[in-house]
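# Descriptive structure summary
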Amino acid sequence: MARPLIFAANWKMHLDPAAARAFAAAFRPGFVPAAGRSYWFFPTAVSLEATASALAGLDRVAVGAQDVYWEPKGAYTGATSVSLARGAGATLALIGHSERRHVFGETDGETAKKLRAVLDGGLTPLLCVGEQLDDREAGRTDAVVLRQLQAAIGGVAAADLARLVVAYEPVWAIGTGRTATPADAAQVHRALRAALRRAGHSEPRVLYGGSVNPANVGLLLAEPELDGVLVGGASLDPAGWRSMVETRVGPTA
Ligand code: PGA
């Protein structure tokens, strides 16, 4: 049985509705979703509906918001609530992406509130954690990612936790062309998985992200600790993304 894998595309601040539809038109022809694989797309909020409708009908394809605000509605100019995202076609939400944390200054506490709102609102959260270069060089990688994880999941009931998927994205690897080695990523994935199990998550899934591309995705996914990949820049090209999601990977070791 093929190993279950999640391929998640983070389009960041790219692809307006017309470009998202053009992506889907180039990506879809002949694409056959593979057993056990899931294909997740995170367009910018204005392209959620276009992406969801352009990819409608494909098995195991889902669309999600890149960020949400925790309040359900109100005078929060510029923000997107969980229910607004759901109304536009989202069934998933990225939470705590490093750009939210480090460009927009999102705190662990805010990430926790967003995670709670996503779980309460019935979306599947993809929680991102990752250390900066100085943390890694100082040997603090596990401490940082475990602190981020605990801050986000503290107080979440085990039944809700079961829906959580985590992405390990070292900040120094995002958009830089540098990736963690499969062995380095695996070591962090093991630490995250163990913490998730201790918190009551019976089947934690941990994706890797950070400069994943068509040339390195096979090597990374050969590492059984990786349950999939979260891809930014290399997910914007439909042919490249198609080759990535069709990567052949051996059975579970
Ligand atoms: P990248 O981004 O693939 O461009 O490094 C990954 C991410 O930020 O999710």
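The rules behind these values
Residues numbered from 1 in each chain as written. Predicted model: local features only at pLDDT ≥ 70, side-chain atom pairs only at ≥ 80, totals over all residues. Heavy atoms only, no water. Core = buried A, V, L, I, M, F, W, Y, C linked by side-chain atoms within 4.5 Å. Buried < 20%, exposed > 50% of the residue type's maximum accessible area, 1.4 Å probe, protein only. Helix = DSSP H or I, 4+ residues; strand = E, 2+ residues; numbered from the N terminus. Contact = heavy atoms within 4.5 Å. Near = heavy atom within 4 Å. Polar contact = N/O pair within 3.5 Å; in protein donor to acceptor, adjacent residues only side chain to side chain. Areas by Shrake-Rupley, 256 points an atom, 1.4 Å probe, with all protein chains shown as cover. Axes fitted to C-alpha atoms, helices over the stretch in contact; angles between N-to-C directions. Parallel < 35°, antiparallel > 145°, perpendicular 65-115°, else oblique. Left-handed = near helix turned anticlockwise from the far one by under 90°. Nonpolar A, V, L, I, M, F, W, Y, C, P; charged D, E, K, R; others polar. Phe/Tyr/Trp six-rings, centres within 6.5 Å; stacked < 30°, edge-to-face > 60°. Lys NZ or Arg CZ within 6 Å of the ring centre and 35° of its normal.

### As for the nonpolar core
- Ranked by internal contacts, the top residues of the largest apolar core, which has 63 residues, are Phe41, Leu192, Tyr208 and Trp241.
- Ranked by the residues each element gives to this core, the list is headed by helix H9 (residues 182-198), at five residues.
- In contact with Tyr208, not counting residues within four places along its chain, are Tyr168, Pro170, Ala173, Thr179, Ala180, Ala185, His189, Leu220, Leu226, Gly228, Val229 and Leu230.
- One finds Ala62, Leu126, Val165 and Ala167 within the second-largest nonpolar core, a separate group that totals 13 residues.

### A word on the environment of Thr44
- Here Thr44 is to be found in the loop between strand E2 (37-42) and helix H2 (48-54).
- Placed 20 residues apart in sequence, Thr44 and Gly64 show a C-alpha to C-alpha distance of 9.0 Å.
- Excluding its chain neighbours within four sequence positions, the residues that come into contact with Thr44 are Lys12, His14, Leu15 and Gln66.

### Considerations on the site of the ligand
- Around the ligand, a shell composed of 13 residues is seen, among which Lys12, His97, Glu169, Gly175 and Ser211 lie nearest.
- Here an oxygen atom of the ligand sits 2.7 Å away from a polar atom, N or O, in the side chain of Glu169.
- Gly233 is positioned such that a nitrogen or oxygen atom in its backbone is 2.9 Å from an oxygen atom of the ligand.
- When the free accessible area of the ligand is taken as 280 Å², the share hidden by the protein chains comes to 95%.

### Examining the packing of helix H1 (residues 17-27) against helix H11 (residues 238-245)
- In contact at an axis separation of 9 Å, H1 and H11 are set at 50 degrees when each is read in the N-to-C sense. The orientation of H1 with respect to H11, classified from their angle, is oblique. At the point where H1 passes H11, the crossing takes the right-handed sense. Side by side, H1 and H11 meet where Phe23, Ala26 and Phe27 of the first sit next to Pro238, Trp241, Arg242 and Val245 of the second.
- Grouping the constituent residues of the contact of H1 with H11 by class yields six nonpolar, no polar and one charged.

### Some details on the environment of Val245
- Tracing the backbone shows Val245 in helix H11.
- Along the backbone, Val245 and Leu5 are 240 residues apart, and their C-alpha atoms lie at a distance of 9.3 Å.
- The residues contacting Val245, other than those within four sequence positions of it, are Phe7, Phe27, Phe31, Arg37 and Tyr39.

### With respect to the packing of aromatic side chains
- In total, this model carries 12 aromatic pairs according to the counting rule given.
- A ring pair is formed by Phe7 and Tyr39, whose centres lie 6.3 Å apart and whose planes are at 15 degrees; its orientation type is stacked. You can see Phe7 sitting in strand E1 (residues 5-10) and its partner Tyr39 sitting in strand E2, a full 32 residues away along the chain. The same class applies to Phe7 as to Tyr39, namely buried.
- Seen in terms of ring centroids, Tyr69 and Trp70 are 4.4 Å apart; in terms of plane orientation they differ by 35 degrees. Their pairing is tilted.
- Given a relative accessible area of 23%, Tyr69 falls into the partly exposed group.
- Through pairs of rings, three or more aromatic residues link up here, namely Phe7, Trp11, Phe23, Phe27, Phe31, Tyr39, Phe41 and Trp241.
- Across from the ring centre of Phe104, 4.0 Å away, lies the NZ or CZ of Arg100, which sits over that ring.

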